[in-house]
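Topology and contacts: notes
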Amino acid sequence: MLSVRKFKIKDKGITIAVIWDKKIDGIAYSLDGNIESSIERLSKFLVKRGVKVNLTLTDSKYPDIVYEVLVGKTSNAQGFAQLSLRGLTNFEKKVYEWLVKNVKRGQVITYGELAKALGTSPRAIGGAMKRNPYPIIVPCHRVIGKVNQWLYTPKPEYKRFLLEVEGWIS
């Protein structure tokens, strides 16, 4: 199923789309109103990972849960309990769970610091962040470059917005 809702944060509109079955299978969001391409990318990724995707538009609580995590009404750990984790590798599960438990709202960590904590490479962490199907709940936006915070981010303005909403200032 697919649920889509629009919200307002800091005088900015955000559209949150959630692909779900019994739990959340994936999250897409947009600050520019063009959510369709994000949903398409996410659904292709999930199908490639063996997750059955049904894009029938249906109302659900899931976009509200993602929004509540974003604005701090619900913790990332509480949101994490709503995720199916279907289609993830064991490595991705380990990285996402560690990130949710250890890097709290308003904090950031570098790719290198996260890699050191998990005994892996910054490149492996970067790959896991790039493949994260649960943005906002699994806060990949809190993982930054050591020298250039926005270096590995396809949409730096999105990452900056999420961090500002959470109260982090570079």
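Here, the structure is the one placed above.
This write-up is about the structure you can find in this document. (Residues numbered from 1 in each chain as written. Predicted model: local features only at pLDDT ≥ 70, side-chain atom pairs only at ≥ 80, totals over all residues. Heavy atoms only, no water.)

Moving on to the nonpolar core. Counting 42 residues, the largest nonpolar core has I16, I125 and M129 as the members making the most contacts within it. Broken down by element, this core gets its largest block of residues, six residues, from helix α2 (residues 62–70). For M129, the residues in contact, after removing those within four places along its chain, are V95, Y96, L99, Y111, C140 and V143. In this structure, L2, A17, A28 and V51 belong to the second largest nonpolar core, which totals nine residues. (Core = buried A, V, L, I, M, F, W, Y, C linked by side-chain atoms within 4.5 Å. Buried < 20%, exposed > 50% of the residue type's maximum accessible area, 1.4 Å probe, protein only. Helix = DSSP H or I, 4+ residues; strand = E, 2+ residues; numbered from the N terminus. Contact = heavy atoms within 4.5 Å.)

So, on to the sheet that holds strand β1 (residues 2–9). One open sheet accounts for three strands, arranged β1-β2-β3; its pairing is antiparallel. Looking at which strands have only one partner, the edges of the open sheet turn out to be β1 and β3 (24–30). Adjacent strand axes in the sheet meet at a mean angle of 20 degrees, parallel and antiparallel pairs treated alike. Judged from the six bridges that link them, strand β2 (residues 12–20) and β3 form a sheet pairing that is antiparallel. Within the sheet, the bridge partner assigned to V18 lies in β3 and is I27. Across the sheet, α2 touches β1, β2 and β3, and the angle it forms with β1 is around 35 degrees. (Pairing = 2+ DSSP bridges. Axes fitted to C-alpha atoms, helices over the stretch in contact; angles between N-to-C directions.)

Taken as a whole, this structure holds seven salt bridges when the rule is applied. Here D64 makes a salt bridge to R5, at a shortest N to O gap of 2.4 Å. Of this pair, D64 sits in helix α2 while R5 sits in strand β1, placing them 59 residues apart in sequence. The closest approach of N and O atoms between R86 and D25, which form a salt bridge, is 2.7 Å. Separated by 61 residues along the polypeptide, R86 in the loop between α3 (76–80) and α4 (90–102) and D25 in strand β3 bring together distant segments of the chain. Judged by relative accessible area, R86 falls into the partly exposed class, the value being 35%. With a relative accessible area of 2%, D25 lands in the buried category. Beyond isolated ion pairs, a larger network of salt bridges with shared partners links R49, E92 and R131. (Salt bridge = Lys/Arg side-chain N within 4 Å of Asp/Glu carboxyl O.)

So, to be careful, I would describe these as geometric facts and stop short of saying anything about function.
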